Amino acid sequence: MVPEAPMEDGPDGKKPAGEGWFVVNAREGVWIHNEKFGAGVTFEGTPDFPHCGINIQVMWPGQPNCYYHAEEGQEDFLILSGECLLLVEGEERPLRQWDFVHCPPEVSHTIVGAGSGPAAIVAVGARAHQTREDWGAYPYSDVAVRHNAGAERETDDPKEAYARFPAREPSRYRDGWLP
């Protein structure tokens, strides 16, 4: 039998403190936040999930969930609430509640909050290639730069792509982040 993971209740919320199954309410988990990329709850503790990452992210109008990028692993997104704009392969696609986005490996993409209020999305991504040098890249895109959602020049270095922004800081959930 697989044991239940111990849970740690720290100043920023609850997270698993070991391997095993667990249950945590999204509002009680550890959130990360900055003014550029919105807020999100990752559900992970120590160690990170080995096979896939999953999080809920909340963006306000004009905020991207991350920089425009392409990866060697698939990523999928479900819009839980609000409106968003998908930037994919140099194109724009409006998204609304319950739209599902599938990005196979090597598809350049990001999602930007739109509409008149916050948008919440579930993001799931494969982890198999994240620690390799050929994990993916941040390609230059006029569409992404126009929406303040892309690196100013192509790079495969996340530190370079995000250098001008503060790191996301751990935080407890704040009222209004989730519908």
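In what follows, the accompanying structure is described. (Residues numbered from 1 in each chain as written. Predicted model: local features only at pLDDT ≥ 70, side-chain atom pairs only at ≥ 80, totals over all residues. Heavy atoms only, no water.)

Digging into the sheet that holds strand β12 (residues 119-126)
Phase 1: Taken in spatial order, the seven strands make up an open sheet running β10-β7-β12-β5-β4-β3-β14, and their pairing is antiparallel. Each edge of the open sheet carries a strand with a single partner, namely β10 (100-103) and β14 (169-171). Strand-to-strand twist in this sheet, taken as the mean axis angle between neighbours without regard to direction, amounts to 25 degrees.
Phase 2: Where strand β3 (residues 31-34) and β14 come together, three bridges link them in antiparallel fashion. The partner of tryptophan 31 across the bridge, within β14, is serine 171. (Pairing = 2+ DSSP bridges. Helix = DSSP H or I, 4+ residues; strand = E, 2+ residues; numbered from the N terminus. Axes fitted to C-alpha atoms, helices over the stretch in contact; angles between N-to-C directions.)

A closer look at the sheet that holds strand β8 (residues 83-88)
Phase 1: Pairing is antiparallel across the open sheet formed by three strands, whose spatial order is β9-β8-β11. Of all the strands in the sheet, just β9 (91-95) and β11 (109-114) have a single pairing partner and so form its edges. In this sheet, neighbouring strand axes are inclined to one another by 25 degrees on average, regardless of whether the strands run parallel or antiparallel.
Phase 2: Taken together, the five bridges between β8 and β9 define a ladder with antiparallel strand orientation.

Topic: the pairing of β12
Phase 1: As defined by bridge partners, strand β5 (residues 52-59) adjoins β12 across eight bridges and the pair is classed as antiparallel. Looking at β12, one finds that isoleucine 56 is bridged to valine 122.
Phase 2: In this sheet, β12 lies alongside strand β7 (residues 75-81) in antiparallel orientation, the contact comprising six bridges. Each bridged residue has a counterpart across the sheet, and for glutamate 75 the counterpart in β12 is glycine 125.

Quick notes on unusual backbone geometry
In terms of backbone geometry, most residues other than glycine have negative phi values and most peptide bonds are trans.
Phase 1: In this structure, proline 47 follows threonine 46 across a cis peptide bond, with omega equal to 0 degrees.
Phase 2: Among the secondary structure elements, proline 47 is positioned in the loop between β4 (38-41) and β5.
Phase 3: For phenylalanine 43, which is not glycine, the phi dihedral falls at a positive 70 degrees.
Phase 4: Positive phi values are uncommon outside glycine, yet asparagine 148 reaches one of about 55 degrees.
Phase 5: Tracing the backbone through its elements, the reader meets asparagine 148 in the loop between α1 (142-146) and α2 (158-161).

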